[in-house]
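Chain and residue survey
This is what each chain is made of:
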Amino acid sequence: MSNLKFVLNKSIKSFYEKSFCIMKFSNLLFFLFIFKTFAQTDELKEIGFEKIELKSKSDTIVFIKSINKENKPKPVILFLQGSLPLPIVFKDEDGIFVSFPFKTKDYLSEYNLILISRKGIPFIGEFQAHSRGYKDKNGNVPIEYIKNDNLTYRTNQASEVVNFLYTQKWVDKKAIYIIGHSEGYRVAANVANKNKKITKLVCLSADPFNRTAEEVLKIRIEGFEKDTDSISQHTIENLTTDYLNIKNIAEYKSDFELYNWASYDEKLIYEIFKYVKIPILVAYGTKDLAAVHNDLLPFILKGKKDFFVKVYPDYDHNFFKNEYDKEGKFLEKSYNWDIVFSDIVNWLQEKKENK
């Protein structure tokens, strides 16, 4: 077993209590009908979740929610995953588990936990086969996923789930929180800007500019390390030109991958933050190169009300941390999503209590 595989399995089993460790339209009336469906029903219920489908003529949105036995209003935590084509439920020799990256059982009694299935990816996947990303029998990522892996679709999808949640008796309408990690950072910010039912926003582990800015930083640092400034500058100029040439992303719709890129790069997320009126928390690790530009947010957004930054020294993109012995010898990677998520929940609760 490789070291990474060992770390992943250890994290899943001991930190998640059966929760997966990896980064796991228009109007409600548009939907013709809404119904609950239960694949692997009994097992899913046993771990405190149920499956819901929102169906319309043109789309089906699938998500899981924690079971609210009392049917009483509770705050909602809608978690948006990153860019990997992962199922939201996994099964292995021990049964099934949901792909939230934190220990869900600590929050089931107090919150409605929501996780949306990625379009084109099976609801349930085999852990050994699909934990690094789902591929079909031919070894390909499903075309339905590729077609819908863009900011426009993911924003509409998440917003429609929020619209549905807002109509439910078991939802506290004054406490609908959205948390996005990695690619989900950008989606969450965009949803919060468009859907005024969101009451608090948390963005984790991504560049607050766009993917191009993230890539430019990586290339520049590589130029420092390898003394390849001339080559690096040429590449950076090409990337910058490509970004500046994005005019109308609708022009790219016939090319799914190009549309994906343009949809995420067109918007500078820190600009969205300027318009979002609800409390915002941005959190990231200092070992995550993709998130370094978040250090600039206090300067860019100086004076913005209800904007907070939380930094985790030595944590990487998925909040792993290298652990060493007294002599400085590497021991293992510790998994710290539970620490981070506990901090997030405390922030959400404090802000709620202060209102």
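As a starting point, this report considers the structure included with it. (Residues numbered from 1 in each chain as written. Predicted model: local features only at pLDDT ≥ 70, side-chain atom pairs only at ≥ 80, totals over all residues. Heavy atoms only, no water.)

Scanning the chain from N- to C-terminus turns up twelve helices and 14 strands. When burial is assessed residue by residue, the chain has 54% of its 355 residues classed as buried. With the model as given, the accessible surface of the chain reaches about 16900 Å², and the carbon-plus-sulfur share is 51%. (Helix = DSSP H or I, 4+ residues; strand = E, 2+ residues; numbered from the N terminus. Buried < 20%, exposed > 50% of the residue type's maximum accessible area, 1.4 Å probe, protein only. Areas by Shrake-Rupley, 256 points an atom, 1.4 Å probe, with all protein chains shown as cover.)

Attention now goes to helix α9 (residues 256-266). Turning to α9, its buried residues are Y259, N260, A262, S263, Y264 and D265. Each element contacted by the buried residues of α9 is listed here: α5 (151-166), α6 (183-194), α7 (211-226) and α8 (229-244). (Contact = heavy atoms within 4.5 Å.)

At a minimum axis separation of 9 Å, α7 and α8 run at an interaxial angle of 175°. By the criterion of interaxial angle, the relationship of α7 to α8 is roughly antiparallel. For the pair formed by α7 and α8, the contact residues are T212, E215, V216, I219, R220, G223 and F224 on the first element and D229, S232, Q233, T235, I236, L239, T240 and Y243 on the second. By residue class, the composition of the contact of α7 with α8 is six nonpolar, six polar and three charged. (Axes fitted to C-alpha atoms, helices over the stretch in contact; angles between N-to-C directions. Parallel < 35°, antiparallel > 145°, perpendicular 65-115°, else oblique. Nonpolar A, V, L, I, M, F, W, Y, C, P; charged D, E, K, R; others polar.)

By size, the foremost hydrophobic cluster in this structure holds 47 residues, and its most contacted members are L201, F273 and V282. When residues in this core are grouped by element, the largest group, seven residues, is from α5. Among all residues touching V282, those that are not within four sequence positions of it are Y185, C203, F273, N294, L297, F307, F308, V309 and K310. Core analysis: the next-biggest nonpolar cluster, separate from the first, contains 38 residues, A283, Y312, V345 and W347 among them. (Core = buried A, V, L, I, M, F, W, Y, C linked by side-chain atoms within 4.5 Å.)

Moving on, we come to the pairing of strand β10 (residues 200-204). When you tally the buried positions in β10, you get five out of five residues, the bulk of the element. What you see with β10 is no split at all: K200, V202 and L204 on one side and L201 and C203 on the other are buried throughout. Both strand β9 (residues 171-181) and β10 contribute to a ladder of five bridges, which runs parallel. If you follow Y177 over to β10, its bridge partner there is K200. Once the chain exits β9 it traverses α6 before rejoining the sheet at β10, and the crossover so formed is right-handed. Pairing analysis gives four bridges linking β10 to strand β11 (residues 280-285), with the strands arranged parallel. The partner of V202 across the bridge, within β11, is L281. (Pairing = 2+ DSSP bridges. Right-handed = clockwise from strand over helix to strand, strands pointing away.)

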